[in-house]
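Each chain, written out:
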Amino acid sequence: MKKSLFAGGIICLLLGTGIKYVQTPAHAQARTEQKTPNVSTDVENSEEPQLKSPQAPRVKLLNSGVEPRQKLRFRPVAGSKQQSVMMTKTNMKMSLDGKPVPAFDIPATEVTINTVVNKVEPNGDITYDFSYSDIDVIKDPNVQPQILEAMRKQFAQLKGMKGSGVMDNRGNPKKFNLVASDIKDPMLKQMMQQVSNSLSKVSSPVPQEAVGKGAEWVVTNKVGFNGINITQTQTYKLLDIKDGVATLQAKVDQQAQAMQKVTLPGLPPSAALTLQSYKGNGEGKYQIMLDKLMPINSKISVASNVNWKGKFTSKQEDTSMNQEVLVNVNMKSK
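Residues numbered from 1 in each chain as written. Predicted model: local features only at pLDDT ≥ 70, side-chain atom pairs only at ≥ 80, totals over all residues. Heavy atoms only, no water.

**Structural notes on the pairing of strand E15 (residues 319–333)**
Consideration 1: In terms of strand pairing, strand E3 (residues 81–96) meets E15 through 13 bridges, oriented antiparallel. Looking at the pairing, serine 84 lines up with serine 333 of E15.
Consideration 2: Pairing between strand E14 (residues 297–311) and E15: 14 bridges, direction antiparallel. For serine 301, the partnering residue across the bridge sits in E15 and is asparagine 328. (Pairing = 2+ DSSP bridges. Helix = DSSP H or I, 4+ residues; strand = E, 2+ residues; numbered from the N terminus.)

**Focus: the nonpolar core**
Consideration 1: By size, the foremost hydrophobic cluster in this structure holds 48 residues, and its most contacted members are Leu158, Trp217 and Leu238.
Consideration 2: Counting 11 residues, the second largest nonpolar core, distinct from the first, contains Ile228, Ile230, Val262 and Val306. (Core = buried A, V, L, I, M, F, W, Y, C linked by side-chain atoms within 4.5 Å. Buried < 20%, exposed > 50% of the residue type's maximum accessible area, 1.4 Å probe, protein only.)

**Structural notes on helix H2 (residues 145–155)**
Consideration 1: Burial in H2 covers these residues: Leu148, Met151 and Phe155. For H2, the angular spread of buried residues about the axis comes to 65 degrees, placing them on one side. Of the residues in H2, the exposed ones pointing more than 90 degrees away from the buried face are Pro145, Gln146 and Lys153. (Arc of directions from axis to C-beta.)

**As for the pairing of strand E10 (residues 228–242)**
Consideration 1: Looking at chain direction, E10 and strand E11 (residues 245–256) are connected through 11 bridges and run antiparallel. Across the sheet, the residue bridging to threonine 233 is aspartate 253, located in E11.
Consideration 2: With antiparallel pairing between neighbouring strands as the criterion, E10 and E11 make up a hairpin whose turn holds two residues, including aspartate 243 at a positive phi of roughly 55 degrees.

Right under this line is the structure:
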């Protein structure tokens, strides 16, 4: 029940800054602390050190909904497969020292994700594999052909990227592994590793309690990207559930404390950037089947406003930068 790691990773990759995704309450991969038993997170051939994990997400049931109620549990069948197609469109506005930067169009991307359930344990643990079988940059008349082609060549390195994971039947992660060894572009590889690490820290399990139509719950956790630690609060409402098909509405709120140091892939060592403010919010609607790994339909919209201050070279004076970003994501699975 999520707009998964696989989808979210591409969104973060396109933006290069910030956490721009909304998750439904399952299938989120989390990196947990080393002292936590039976949980591990790895990125194959990654040169960056293992990061400490944030505390586990808090799940608070606000309203259990009306009768009849049931415990939401995910029970896919071993061997079941899904193919998901995700379309992402990003709009961005920027200004430097209060002066608007000329607007530029970011073409939409289309990603095809294949998932397969390998095993379902008696205790409900689900072992699965995933892969990006295709990724393309959609032709846009407002984007120069050479820019489109350059983006296609860069994203082509992600085609075939794969990974695996284990989660329990409430969506709590137990293991996650992403294979990024085939990415040749150092900056792209570093960014994808950051994406993996940030998304692997996000977990949105469903409530332990039985719920019915109208139920609401809140999931609060800590996420991070490019050195920014963000508090993310996700509020879910169960609009309907019938014959194993659930419809969910989700709202997300993201905030971050000021004066955090920012690390962006590709910046020179002399660069020094500090976060001045970060605010994000979004909403989405999902239709999921409890015997499937990915949502069968989802529509998500996330907006954020980020203010930075700093310099890109040691001799440069401090520059203030503002970014307004809007991301729209549609996904369909079969």
